[in-house]
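# Per-entry structural report
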Amino acid sequence: MTTVPEDLAYQARRIRRLGVPPQTRDVRIVHELDGILDQVHPATLLRTGSALWEAWSRHPEFTAPDVLLGLDAGGILPTVAVALASDLPYRLAWKLDLDLPAKRRFTEPHARRTEVFTYGDLAGTRVLIVDDEITTGNTLANLVSVLRDSAVEVTGIACLIEDTTGNARPLLESLGVPLCTLTRL
Ligand SMILES: O=P(O)(O)OC[C@H]1O[C@H](OP(=O)(O)OP(=O)(O)O)[C@H](O)[C@@H]1O
């Protein structure tokens, strides 16, 4: 049977093989990229949640969270899967500024990721952030900042895929936030 990280790595390699530059304006291809990750089987997703929770539990800087916080949209399913594995409650953080002109979305793919907000009051709780993929780390660094301003303790970030070309790890280390990922590209 394919192990969970191999399965994820396979999906990631398929995306890479498509070789779509970030500045592409071909909406059809971008939709194809989104579709590949949507095709992950539910059973794989559940095993992935278990693997990610196990990885975080074994992390040298592990702290038990009170609640999981998943980032929309790609982080929602992994968050539910980790919640099932850990028996922890979860909340979701939503990205704002999704209405940039189409041209900017393709030429500046990260431009809309500067603002996030969360539903519910998490003040005084220990939170583990869960997301599907991390590249530059800017999205989650902003989220960490918003949470800290609201007196939330961020215990760490658990993420399925880390694109190491984006240098997210040093950024998050500089903020003192442990990063736990299953697969690196
Ligand atoms: O590390 P960064 O460079 O900040 O990028 C990481 C973010 O990019 C993806 O979200 P995206 O908005 O592309 O897609 P999604 O809405 O489908 O999750 C991913 O889910 C992360 O939240």
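Look a little higher up for the structure.
Residues numbered from 1 in each chain as written. Predicted model: local features only at pLDDT ≥ 70, side-chain atom pairs only at ≥ 80, totals over all residues. Heavy atoms only, no water.

Two numbers describe how helix α3 (residues 42–58) lies on helix α4 (residues 76–86): the axes approach to 7 Å, and their chain directions differ by 65°. Between α3 and α4, the crossing angle belongs to the class labelled roughly perpendicular. In this structure, α3 meets α4 at a crossing whose hand is right-handed. Here Leu45, Leu46, Gly49, Ser50, Leu52 and Trp53 of α3 lie close against α4, whose contacting residues are Leu77, Pro78, Ala81, Val82, Leu84, Ala85 and Ser86. (Axes fitted to C-alpha atoms, helices over the stretch in contact; angles between N-to-C directions. Helix = DSSP H or I, 4+ residues; strand = E, 2+ residues; numbered from the N terminus. Parallel < 35°, antiparallel > 145°, perpendicular 65-115°, else oblique. Left-handed = near helix turned anticlockwise from the far one by under 90°. Contact = heavy atoms within 4.5 Å.)

General note: in soluble globular proteins, nonpolar side chains tend to be found buried as a group. Membership of the largest hydrophobic core comes to 21 residues, with the highest contact counts inside it found for Ile129, Leu143, Leu147 and Ile157. Secondary-structure elements contributing two or more residues to this core are β1 (67–71), β4 (126–134), α6 (138–149), β5 (153–162) and α7 (168–174). If one sorts the elements of this core by residue count, α6 sits on top with 5 residues. Setting aside residues no more than four positions away along its own chain, Ile157 makes contact with Leu128, Ile129, Leu140, Val144, Leu172, Val177, Pro178, Leu179 and Cys180. Counting residues in hydrophobic clusters, the runner-up holds 16 residues, among them Leu68, Val130, Ala158 and Cys180. (Core = buried A, V, L, I, M, F, W, Y, C linked by side-chain atoms within 4.5 Å. Buried < 20%, exposed > 50% of the residue type's maximum accessible area, 1.4 Å probe, protein only.)

This model, assessed by the stated rule, comprises 4 salt bridges. For Arg126, the salt bridge is made with Asp66, and the minimal N-O distance between the two is 3.1 Å. Linking Arg126 in strand β4 with Asp66 in the loop between α3 and β1, this pair joins segments that are 60 residues apart in sequence. Accessibility expressed as a relative area gives 31% for Asp66, which makes it partly exposed. (Salt bridge = Lys/Arg side-chain N within 4 Å of Asp/Glu carboxyl O.)

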